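# An overview of the molecular structure
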Amino acid sequence: SGQRWRGRDPEDVADEVARGVREYNARYISFVDDDFFGPGKTLAHKVARALLERDLDVSILLSIHPRDVEHDLFVLLKRAGLKSVILAVDNFCQAVLDRYRKFTTVEQNVASIKILESLDIDAYLGIIMFDPWTTLEELHEILRVVVILPYLRPWQILSKFEIYHGSPITVALEEQGLLKWNGYFGTYEYRDSRIQGVYLAIETIMKICHPSMHELD
């Protein structure tokens, strides 16, 4: 019962950050909350203003969804100390986003990245390049977008879908016979065997280039 989302008092949040700065000389603050913004993004506005009132010298990291990114709000957050974000884009193929039930679009993902880039806010892209159902067509569509975007680290080209017990998509994998358990950890096979070949080819290239990863960047 009650509200599905409940936010802490913004003044308490700012006081806690200020205490970290004052008592522990904290300079980097990470908000480990995938739904920091909440309904209407009102909490983010209030926390940013409360931090500005305390005039703290901190660098802030937030975990965010593309739908959270609005220019004016992130101007305010940057003034309050926001330096970098973990952006949960997941993919740049609409069919894959729909498969993950992300309720977002490729266009929204790209727009959020452009806003962050324009404000000089660094971003780590939470991206899944390979999953059990990945097709060559999907992979081509994803790569066509990501190669022209900032922030992507070369090794993320090998990012894979992670298995979590009890999730609906894990149940679907089990029903289709694609999932194998090794104790707590799950591994999967690709429905299209060609995808495994593509993955191994990229992995081989990355290993060869490992001493020169900065060149790949």
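Residues numbered from 1 in each chain as written. Predicted model: local features only at pLDDT ≥ 70, side-chain atom pairs only at ≥ 80, totals over all residues. Heavy atoms only, no water.

## Notes on the overall build of the protein
We count it as follows: Under the DSSP-based scheme used, a helix requires at least four consecutive residues in state H or I and a strand at least two consecutive residues in state E, with every element numbered from the N terminus. Burial classes follow relative accessibility: with a 1.4 Å probe on protein chains only, a residue under 20% of its type's maximum area counts as buried, one over 50% as exposed, and anything between as partly exposed. Whether two residues are in contact is decided by their heavy atoms: any pair within 4.5 Å suffices. Under the convention used here, a 1.4 Å probe and the Shrake-Rupley method define accessible areas, while residue burial counts only the protein chains that appear. As used throughout, the charge tally considers Lys and Arg to be positive and Asp and Glu to be negative, leaving His and the chain termini uncounted. A charge is said to be at NZ when it belongs to Lys, at CZ for Arg, at CG for Asp and at CD for Glu.
Counting its secondary structure elements, the protein contains 9 helices and 6 strands. Counting only C-alpha atoms and orienting by the principal axes, one finds that the protein spans roughly 55 × 50 × 35 Å. By the burial criterion, 43% of the 217 residues in the protein qualify as buried. Put simply, 70% of the contacts in the protein that link residues at least 6 apart link residues at least 24 apart. As presented, the protein carries roughly 12,900 Å² of accessible surface, and 53% of it is formed by carbon and sulfur atoms. Charged side chains of the protein number 25 positive and 33 negative; the gap between the two group centres comes to 2 Å.

## Comments concerning the sheet that holds strand β4 (residues 122-127)
The following threshold applies: Whether two strands pair depends on DSSP finding at least two bridges between them. Inter-axis angles, ranging from 0 to 180 degrees, are taken between N-to-C directions of lines fitted to C-alpha atoms, where helices are fitted over the stretch in contact.
Across the sheet, which stays open at both edges, the 4 strands sit in the order β1-β2-β3-β4 with parallel pairing between neighbours. At either end of the open sheet lies a strand with only one pairing partner, and these are β1 (28-31) and β4. If you compare each strand with its neighbour and ignore which way they point, the axes differ by 15° on average. As paired strands, strand β3 (residues 82-90) and β4 are joined by 5 bridges and run parallel to one another. Residue pairing across strands places I86 opposite Y124, the latter belonging to β4.

## Focus on the pairing of strand β5 (residues 179-182)
Bridge count between β5 and strand β6 (residues 185-188): 4 bridges; the pairing is antiparallel. If you follow N182 over to β6, its bridge partner there is F185.

## A word on the layout of surface pockets
To be explicit about the condition: With a 1 Å grid spanning the protein atoms alone, the term cavity applies to any set of points in which a 1.4 Å probe fits but cannot get out, the term pocket to an open set with protein on both sides within 12 Å along at least five of seven lines, and the term lining residue to any residue with an atom within 4 Å of a point. Grid points are joined across faces, edges and corners, and a volume is the space filled by probe spheres set on the points.
One number sums up the size of the largest pocket: a volume of about 820 Å³. Along its surface, the largest pocket is lined by 30 residues, and D90, K102, I128, F161 and Y164 are the ones closest to its centre. For the lining of the largest pocket, the elements supplying multiple residues, two or more each, are β2 (59-64), β3, β4 and α7 (168-175). Considering only enclosed or pocket space, the second largest pocket measures out at about 290 Å³ in volume. Lining the second largest pocket we find 16 residues, and of these R8, V13, F31, D33 and F36 sit closest to its centre. Listed by contribution, the elements that provide at least two residues to the lining of the second largest pocket are α1 (10-24) and β1. Per-element accounting of the lining of the second largest pocket gives the leading share, 4 residues, to α1.

## So, the packing of helix α2 (residues 42-54) against helix α3 (residues 71-79)
Formally: An angle below 35 degrees is treated as roughly parallel, one above 145 as roughly antiparallel, one from 65 to 115 as roughly perpendicular, and anything else as oblique. By definition, turning the near helix anticlockwise from the far helix through less than a right angle yields a left-handed crossing, and turning it clockwise yields a right-handed one.
The N-to-C vectors of α2 and α3 enclose an angle of 30°; their axes lie 8 Å apart at closest approach. On the basis of the axis angle, α2 is roughly parallel to α3. Considering how the two elements wind past one another, α2 and α3 form a crossing that is left-handed. Counted together, A44, H45, A48, R49 and L52 of α2 and L73, L76, L77 and R79 of α3 form the full contact between these two elements.

## Digging into a nonpolar patch on the surface
Operational definition: Residues enter patches when they are more than 30% accessible in relative terms and free of salt bridges; like-charged ones are connected within 9 Å and nonpolar ones (Val, Leu, Ile, Met, Phe, Trp, Tyr) within 5 Å. Any carboxyl oxygen of Asp or Glu that lies within 4 Å of a side-chain nitrogen of Lys or Arg is treated as forming a salt bridge with it.
Side chains of I86, Y124 and W155 sit close together on the surface and give an oily, nonpolar patch of about 270 Å² of accessible area. The residue W155 is located in the loop between α6 (136-146) and α7 in this model. Classification of W155 as partly exposed rests on a relative accessible area of 44%.

## Examining the pattern of salt bridges
A complete count under the given rule lists 10 salt bridges for this structure. A salt bridge links R54 to E11; the shortest N-O distance between them is 2.7 Å. Separated by 43 residues along the polypeptide, R54 in helix α2 and E11 in helix α1 bring together distant segments of the chain. The residue E70 makes a salt bridge to K41 at a minimum N-O spacing of 3.3 Å. Of this pair, E70 sits in the loop between β2 and α3 while K41 sits in the loop between β1 and α2, and the two are 29 residues apart along the sequence. When its relative accessible area of 39% is taken as the criterion, E70 is described as partly exposed. Several salt bridges share partner residues, and in doing so they unite E11, D15 and R54 into one network.

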